Amino acid sequence: MKCQICGQDEFLPFQCPYCGDQFCSKHRLPENHVCPKMDLARVAKKEEMMIFKEPNSFEYKINYGKPNRSKGSIYFGYKELKHLALGSLLVIGVGLSVGFGQELIFMVGLAIVLVTSFFIHEIAHKIVAQKSGLWAEFRLTLWGSMLTAVFMFLPGPFKIISPGAVMISGPAKGKDIGKISIAGPLTNICLASIFLGLMISTTSDYWIFTIGALFNSYIALFNLIPFGILDGFKIFYWNKIIWFIAFSISLVFTITAYSFI
């Protein structure tokens, strides 16, 4: 087949989609063979350009949480406060269920210790993360809330309390993640040491000190397990020496507090 312009033989010639004639590679474009239907070619080209540019006119964003606040700013979002309130009710319910059947003061005291210890742990994560310039707010989780609610009605002293966690977003280094992770267990270790000191120094039988020491020691020990999504895994990955010291202290505190029961 010969090109309609230069007469060059082509084994596989190009056919113009507008005029239908056959051309070589040099004259295949409408403007190179003076296509008699150039107007159609120009309209089609304009549409192709519009289609090509259309996706670029949109801006796609993926946001995890809200934009980062200024570094060092500590804040609580409105949605976060609602989640904290609902989470507190779940933890208080677990505390009341553990002391069910006891005197009212025992039940109330236990609930206060549990909810305070749990949320001090979570707020510590939040403060360190926000100090690093990251977005960090507490959020309830479906499975965690359901699990906490189930243990509220199950008999026995052993309970799992995990209605939610502090969600964090933003660029962070391994060192930052390690510091954020260790903040929670450290608060429980500090609280456990205070309760243990009060428990040992007083001569009276203040059960609230024993419960406070045991619960905070247990929270720290459990979260320091270097597995899965627990704080211990991130701390172990960041600094094994710090993880070992924190885990050993929480283990000793747990055994000591348990021995007084």
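Above this text is the structure in question.
J.: Tell me what's going on with the overall build of the protein, and back it up with residues and numbers.
T.: On a plain count of helices and strands, the protein comes out with 8 helices and 4 strands. If you take every contact in the protein between residues at least 6 apart in sequence, the share linking residues at least 24 apart comes to 63%. If you sum the accessible surface of the protein, you get close to 16300 Å²; carbon and sulfur atoms cover 67% of it.

J.: Kindly report on helix α7 (residues 231–238), identifying the contributing residues and their values.
T.: One turn of the α-helix equals 3.6 residues, which is why residues spaced by three or four share an orientation. Burial in α7 covers these residues: Asp231, Gly232 and Ile235. Across the axial projection of α7, the buried residues extend over an arc of 90°, all falling on one side. Contacts from the buried residues of α7 go to α3 (104–131), α5 (174–201), α6 (207–223) and α8 (240–259).

J.: I'd love a proper account of helix α4 (residues 142–153), names of residues and values included.
T.: With 12 residues, α4 ought to run about 16 Å at 1.5 Å a step, and its terminal C-alpha atoms sit 17 Å apart, in line with that. Of the residues making up α4, those classed as buried are Gly144, Ser145, Thr148, Phe151 and Met152. The buried residues of α4 occupy an angular sector of 130° when projected down its axis, which confines them to one face. In α4, the exposed positions that point more than 90 degrees away from the buried face belong to Leu142, Trp143 and Phe153.

J.: Tell me about the side chain of Arg139, and please be specific about residues and values.
T.: For Arg139, the location among the structural elements is in strand β3 (residues 135–140). Note on Arg139: relative accessible area 14%, which makes it buried. Among the polar contacts made by the side chain of Arg139, one reaches the side chain of Glu137 at a distance of 2.9 Å.

J.: I'd like to hear about the pairing of β3, residue by residue, with values.
T.: Burial of β3 is extensive: 5 of the 6 residues sit out of reach of the surface. In the sheet, β3 pairs with strand β4 (residues 164–169) via 6 bridges, with the strands oriented antiparallel. Following the sheet pairing, Glu137 is matched in β4 by Met167.

J.: How would you summarise the nonpolar core if you had to cite specific residues and measurements?
T.: Membership of the largest hydrophobic core comes to 20 residues, with the highest contact counts inside it found for Val91, Leu114, Phe118, Phe119, Phe138 and Ile161. Within the residue set of this core, elements represented by two or more residues are α2 (78–98), α3, β3 and α6. Sorting elements by how many residues they give to this core places α3 first, with 6 residues. With near-sequence residues (within four places) excluded, Leu114 lies in contact with Val91, Val94, Gly95, Ile161 and Phe215. Formed by 15 residues, the second largest nonpolar core is a distinct cluster that contains Ile182, Ile235, Ala246 and Phe253.

The rules behind each value
Residues numbered from 1 in each chain as written. Predicted model: local features only at pLDDT ≥ 70, side-chain atom pairs only at ≥ 80, totals over all residues. Heavy atoms only, no water. Helix = DSSP H or I, 4+ residues; strand = E, 2+ residues; numbered from the N terminus. Contact = heavy atoms within 4.5 Å. Areas by Shrake-Rupley, 256 points an atom, 1.4 Å probe, with all protein chains shown as cover. Buried < 20%, exposed > 50% of the residue type's maximum accessible area, 1.4 Å probe, protein only. Arc of directions from axis to C-beta. Expected span 1.5 Å × (residues − 1). Polar contact = N/O pair within 3.5 Å; in protein donor to acceptor, adjacent residues only side chain to side chain. Pairing = 2+ DSSP bridges. Core = buried A, V, L, I, M, F, W, Y, C linked by side-chain atoms within 4.5 Å.

Any functional reading would require information beyond the geometric quantities listed.
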